[in-house]
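# Architecture at a glance
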Amino acid sequence: MAISRTCIKLEPGKVGMTSLDIPSPGPGQALVRTRLSTICGSDLHIVDDIPALPAGTPLGHEAVAEVVDAGEGVTGFRQGDRVVPSCLFGCGLCARCLEGDLQICERFGAPMNLLFGAQGEYFLVPNAEINMAKVPDALDDEAALFATDIMSTACGAIEAANLRYGDRVAVFAQGPVGLCVTAAARARGAGLVIAVEGIPARAAMAKRLGADLVLAPEEAVEKILDLTGHKGVDVAVEALGKQSTLESAARVTRLGGVISSVGVYSLHPTVDLPTDGSFIHRRLVTTLCPTGADRLRRMMDVVRYGKVDLTPLFTHSMKLAAAPEAYDLFRSRRDGVIKIALRP
Ligand SMILES: [Zn+2]
Ligand SMILES: [Zn+2]
């Protein structure tokens, strides 16, 4: 039987390459061959923290791929189509899916409805008709990839905050998602965009993607309050998933403003919010990556028509077979790494 070299979880904190049989697609599924994949901060959570996903779990949920075979009922795709699958999939029939929130599908059980195996040569896309989209010829793989997760997540954080033209925004942490939030805030018409980041390469990238200024985490709260006449920003986005950044975001949000939380808090059974006058009459919103075929289409249009270019986020390129080394690099945050392009 043909095999797919795939990166899997070996034990908590450790990944490795293994050979998996290439599956045949069942009803509704598409079998795809990976063209470009990458590692996400969520992968580190899966490898380190989530006991429900045991050793042997195939990793990866962000990829651009090519359709190899389609199961019964998949009519919208042909062999050879270049596609991007959603990182979280929906059934299309439950109440949440019918409202367009496929990512919180009641039937497939969010957030365990994650795509698995995209850090392999081949993988299956469940319910492909509604969870996958063709990539327009105008977009190369690098330009299309972020539609599946971090771009959609970031745009979702800005949409959930109802950001208006001219709003002042502070984005706490400029990892891959935070950088996409900075770009999304700029594209959506924000006035002042303040990025908060201590790693020089990430601070530089934040400027490149549209931040007006970048502040170090230790000075950020005081400086943002100074800059805004001690009123605070209209929207503060937390994009790290740490107590300290959530707290800082709450402290710099103006009365009536929005704290938009997009970090993954899986390491924290609880989080605290400051109550010293800074958490009265603010709106706190959270976002889980909006997904589905139409969401993918819209994200790719944003890129295709030049509103954002996220390809600079690919700071490194490696072979898919070297995924374990890529995990080490990604985890270390060394060498200016933001996203690593993995190709078979
Ligand atoms: Zn991801
Ligand atoms: Zn559903």
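Residues numbered from 1 in each chain as written. Chains lettered and ligands numbered in written order. Predicted model: local features only at pLDDT ≥ 70, side-chain atom pairs only at ≥ 80, totals over all residues. Heavy atoms only, no water.

### Here we look at the coordination of the zinc ion (ligand 2)
For clarity, the cut-off: The rule for donors is simple: an N, O or S atom within 2.8 Å of the metal counts, and for Na, K and Ca the reach is 3.2 Å. Water is not among the atoms, so a site may look short of donors. The rule is simple: four donors are tetrahedral if all their angles sit between 85 and 135 degrees, four are square planar and six octahedral if opposite donors span more than 155 degrees and the others lie between 65 and 115, and anything that fits none of that is irregular. Think of it this way: any DSSP run of H or I at least four residues long counts as a helix, any run of E at least two long counts as a strand, and we number them from the N terminus. The buried label applies to any residue whose accessible area, calculated with a 1.4 Å probe on protein chains only, is under 20% of its type's maximum; exposed applies above 50%, and partly exposed to all values in between.
Looking at the metal site, the zinc ion (ligand 2) is ligated by Cys 91 (SG), Cys 94 (SG), Cys 97 (SG) and Cys 105 (SG), spaced 2.4 Å from it. Considering all 4 donor atoms around the zinc ion (ligand 2), the spread of angles at the metal, 102 to 116°, places the coordination shape in the tetrahedral class. Along the chain, the residues donating to the zinc ion (ligand 2) fall in the pattern C-x2-C-x2-C-x7-C. Of this pair, Cys 94 sits in the loop between β5 (82–85) and α2 (95–98) while Cys 105 sits in the loop between α2 and β6 (122–125), placing them 11 residues apart in sequence. Residue Cys 94 shares its accessibility class with Cys 105, and that shared class is buried.

### A short note on the pattern of salt bridges
Note the cut-off: In the sections that follow, a salt bridge refers to a side-chain nitrogen of Lys or Arg positioned within 4 Å of a carboxyl oxygen of Asp or Glu.
Tallying each qualifying case throughout the model produces 20 salt bridges. In this structure, Arg 343 engages Glu 142 in a salt bridge whose closest nitrogen and oxygen atoms are separated by 2.0 Å. In this pair, Arg 343 sits in strand β15 (residues 339–343) while Glu 142 sits in helix α4 (residues 141–145), placing the two residues 201 residues apart along the sequence. Across the pair Glu 219 and Lys 223 runs a salt bridge whose closest N-O atoms are separated by 3.0 Å. Taken together, the residues Glu 219 and Lys 223, both in helix α8 (residues 217–227) and 4 residues apart, mark about one turn of the helix. Given a relative accessible area of 39%, Lys 223 falls into the partly exposed group. What you see here is one network of salt bridges that share partners, running through Arg 33, Arg 35, Glu 66, Arg 82 and Asp 141.

### Some remarks on helix α9 (residues 243–251)
Note the threshold: Any pair of residues with heavy atoms lying within 4.5 Å of one another is described as a contacting pair.
Every buried residue of α9 is accounted for by Thr 245, Leu 246, Ser 248, Ala 249 and Ala 250. Along its buried surface, α9 packs onto β8 (169–172), α8, β11 (233–238) and β12 (253–261).

### What to know about the sheet that holds strand β13 (residues 283–286)
What counts here: For two strands to be treated as a pair, DSSP must find at least two bridges joining them. In this analysis an axis means a line fitted to C-alpha atoms, helices contributing only their contacting stretch, and an angle means the value between N-to-C directions, from 0 to 180 degrees.
What the 6 strands build is an open sheet, ordered β10-β9-β8-β11-β12-β13; its pairing is parallel. Each edge of the open sheet is held by one strand with a lone partner, namely β10 (213–215) and β13. Adjacent strand axes in the sheet meet at a mean angle of 20°, parallel and antiparallel pairs treated alike. Where β8 and β11 come together, 4 bridges link them in parallel fashion. Its bridge partner being in β11, Ala 170 is matched across the sheet by Ala 236. Against the sheet, α8 touches β8, β9 (193–196), β10 and β11, its axis set at about 130° to β10.

### Overview of the coordination of the zinc ion (ligand 1)
Every protein donor of the zinc ion (ligand 1) is accounted for by Cys 40 (SG), His 61 (NE2), Glu 62 (OE) and Asp 149 (OD), and the metal-donor separations fall at 1.8 to 2.2 Å. Classification of the site at the zinc ion (ligand 1) as tetrahedral follows from its 4 donor atoms and the range of 92 to 130° in their angles at the metal. The motif formed by the donor residues of the zinc ion (ligand 1), counted along the single chain, is C-x20-H-E-x86-D. Residue classification places Glu 62 among the buried positions, given a relative accessible area of 0%.

### Here we look at the domain arrangement of the protein
Which entries qualify depends on this criterion: Annotation comment: domain bounds sourced from an automatic or database domain assignment. Throughout, buried area stands for the accessible area (probe radius 1.4 Å) lost by two parts on being put together, summed over both.
The assigned domain composition of the protein is domain 1 (3–149 + 290–343) and domain 2 (155–286). A separation of 27 Å is found between the C-alpha centroids of domain 1 and domain 2. At the junction of the two partners, domain 1 supplies 18 residues and domain 2 supplies 18 residues. Of all residues in domain 1, Pro 312, Arg 333 and Ile 338 give up the largest surface area on contact with domain 2, accounting jointly for 33% of the area buried on that side.

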